[in-house]
2 protein chains.
Amino acid sequence: MSPTLHDRIDASLARALSAQRLAGSPPHLASAVRHAVFPGGGRVRPLLTLSTARACGDDAPGLSDAAAAAVELIHCASLVHDDLPIFDDALQRRGRPTVHAVFGPQVALLAGDALIVHAFDFLAESAGGHADRAIAMTRALAAGVGMPSGIIGGQAWECEPRVDRAAYHRAKTGALFRASVELGALAAGHAPAAWRAVGDHLGAAYQLADDLQDVLGRGEEAGKPVGQDLRLGRPNAVVELGVGGALQALARTVQDAEDAVPACGGRDGLIRLVRAIAARLVPDRALPEVRVPASAAG
Amino acid sequence: MSPTLHDRIDASLARALSAQRLAGSPPHLASAVRHAVFPGGGRVRPLLTLSTARACGDDAPGLSDAAAAAVELIHCASLVHDDLPIFDDALQRRGRPTVHAVFGPQVALLAGDALIVHAFDFLAESAGGHADRAIAMTRALAAGVGMPSGIIGGQAWECEPRVDRAAYHRAKTGALFRASVELGALAAGHAPAAWRAVGDHLGAAYQLADDLQDVLGRGEEAGKPVGQDLRLGRPNAVVELGVGGALQALARTVQDAEDAVPACGGRDGLIRLVRAIAARLVPDRALPEVRVPASAAG
């Protein structure tokens, strides 16, 4: 993945949570929010946002950068809330203590709330001369996050007695991938419809990989507890399809994501990103068994 | 208070949480969100938004209505999260079971998250031909809600070892009152600066009344548990100033709010609203002792 995009993401997140912006915050809240966002994981969603923006010409890079930060802030917020004792009760995330493990559940809950608000605020602040784009991006981000079918909706399916796995995963993971791609297109002044499928397929691939990781992974590799889905009785594709079936579905879905990239100047860059993401998705212990299509192996 | 404004608020909230908009949500999440918002309390913040918009000419009533709904959705979200077992552990609110008492803490946490997102989404959806206004409103709303000095920041001061009561209350209660007034002005195309002080003083009055209620109130009057501040060791003006001192401060602050209303066509309407709010603020048991200034008693 291009170091340039990573640099832009780091700089944008640093701006979003600068000391100046957080001045006057309760100190524990400010620390908790930074703990949730830095040093961070693969930054896959903001990479997708910037890659899509670049494929669309990226004529308002300040807005694309804000979009990248916004999707990552939302992603981090969802992790903080998911890790809380009333949900996963996870003490480790990305190989470090979770926010509530360090700051307690009260500050963790508020940090998640604050990150959600901050994402929308940072988008609005960065609108510049593109208020119409920023409004459309706000709506796309909200669709990826909220009711009925964003990641909050997805998480809430876990509290229902009857769940359709596909709908659940589409919301819980896919919705923010879709939003990441849409925000990239919108930031560059393009209609998001043509790009949506890339996000949808990548989101599905990510969820399959997460299901595999949960069943096959070791805690130290995953940087978080494994076996949670089985323990908590949550839908998991491996239970439904078996390891081999889930791996095949993953390979097929990655190919679908590649195929969905519209013809455009930055097509190659976006496909390289899809492949790089795919290469990281397969749990180490499953590698000998994987049959990834040749085109996705590069 | 004008029934017309109440009608507008009810209609706007009904639109924001219509069956059509929530279609496809996990059923418990959708029910929890509605439980949090309907039938609702005094709707003081959205009344303030619409009264301010009207005083400013209200030339984009669709946007004012959306702003009114947005501040109320945020207020309801904050109540849902504050009532959670890890905070107040309150089982009653507005005389009914709290969201977590009915739906459990998981759905309650997600309902609060979803309401926050929904508030920003509804503002953006209602931008119409006023994208610039909607962007400014998004920023004003975020300032009232998030870091460093919105209601989330205020709540997070409760998790700090050292707290300045004024800063804590300004954020915890005042920030959303300020935002309510600012959004009303912005929705009508006016600069918010001249209106800010009205929200600040009313927010301070509200917090003083809440402190009095917590010390003097009966549970059945308050519709929620009383004595929480003392039990949880939280700052309370009555502890600092005594009942008489707190009541005097309340009367003074209501007068300050009136005096702060700028000269404008709708000035009288807004002052009537301030007085109506003030009349509801004083706990019944304190009434014989109150010395409200004559101008605020009408």
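Below is a summary of the structure that appears in this document. Predicted model, so just to flag it, every value in this text is computed and none were measured.

**What to know about the nonpolar core**
- Counting 183 residues, the largest nonpolar core has Ile74(A), Leu141(A), Leu183(A), Ile74(B), Leu141(B) and Leu183(B) as its most contacted members.
- Sequence-distant contacts of Leu141(A), that is, excluding residues within four places in its chain, are made with Ala70(A), Val71(A), Ile74(A), Ala119(A), Phe120(A), Leu123(A), Leu176(A), Ala179(A) and Leu183(A).
- If you look at the next biggest cluster of nonpolar residues, it comprises 10 residues, including Ala124(A), Ala131(A), Ala124(B) and Ala131(B).

**Let's talk about the interface of chain B and chain A**
- The interface of chain B with chain A comprises 49 residues on the first partner and 49 residues on the second.
- Both sides together, the interface formed by chain B and chain A hides about 4500 Å², and carbon and sulfur atoms give 75% of it.
- For chain B, the biggest contributors to the area lost against chain A are Val117(B), Arg139(B) and Met147(B); these three give 16% of the whole.
- Between chain B and chain A we count 4 salt bridges in total.
- Across the pair Asp121(B) and Arg139(A) runs a salt bridge, and its minimum N-O distance is 3.0 Å.
- The interface formed by chain B and chain A holds 10 residue pairs in polar contact (both at pLDDT 80 or more) in total.
- Counting only elements with at least two residues in the side of chain B that touches chain A, the list comes to α2 (19-22), α3 (27-37), α6 (99-125), α7 (131-145) and α8 (151-157) of chain B.
- Considering each element in turn, the side of chain B that touches chain A owes the most residues, 14 residues, to α6(B).

**A word on the packing of aromatic side chains**
- Across all of its chains, the model carries 3 aromatic pairs over all chains by this definition.
- With a centroid separation of 5.3 Å and an interplanar angle of 0°, the aromatic rings of Phe120(A) and Phe120(B) are classed as stacked. Here the residue Phe120(A) occupies a position in helix α6 (residues 99-125), and Phe120(B) occupies one in helix α6, the pair thus bridging two chains. In this pair, the class of Phe120(A) matches that of Phe120(B), namely buried.
- Geometrically, the ring pair formed by Phe177(B) and Tyr206(B) is tilted, given 4.9 Å between the ring centres and 45° between the ring planes. With a gap of 29 residues between them, Phe177(B) in helix α9 (residues 165-187) and Tyr206(B) in helix α10 (residues 196-216) connect regions that are remote in the sequence.

Calculation notes
Residue indices begin from 1 for each chain and proceed along its sequence in written order. By the order in which they are written, chains take letters starting at A while ligands take numbers starting at 1. Side-chain atom pairs in this predicted model are given and counted only at pLDDT of 80 or more, local residue features only at pLDDT of at least 70, and totals for whole chains, interfaces and linings cover all residues. Side-chain metrics in this entry use all non-hydrogen atoms of the structure; hydrogen atoms and water are not considered. To qualify as a nonpolar core, a set must consist of buried Ala, Val, Leu, Ile, Met, Phe, Trp, Tyr and Cys residues joined through side-chain atoms within 4.5 Å. Accessibility here uses a 1.4 Å probe with only protein chains present; expressed as a share of the type maximum, an area under 20% marks a residue as buried, one over 50% as exposed, and anything in between as partly exposed. We call two residues in contact whenever any of their non-hydrogen atoms come within 4.5 Å of each other. What counts as buried area is the accessible surface, traced by a 1.4 Å probe, that two parts surrender upon association, with contributions from both included. The term salt bridge refers to a side-chain nitrogen of Lys or Arg lying within 4 Å of a carboxyl oxygen of Asp or Glu. Under this definition, polar contacts are N or O atom pairs within 3.5 Å; protein pairs additionally need one hydrogen-donor-capable and one acceptor-capable atom, and for neighbouring residues in sequence, both atoms have to be side-chain atoms. The helix and strand labels rest on DSSP assignments: H or I over at least four residues marks a helix, E over at least two residues marks a strand, and numbering proceeds from the N terminus. Pairing of aromatic rings covers Phe, Tyr and Trp, the last through its six-membered ring, and needs centres within 6.5 Å; plane angles under 30 degrees mean stacked, over 60 mean edge-to-face, and all others mean tilted.

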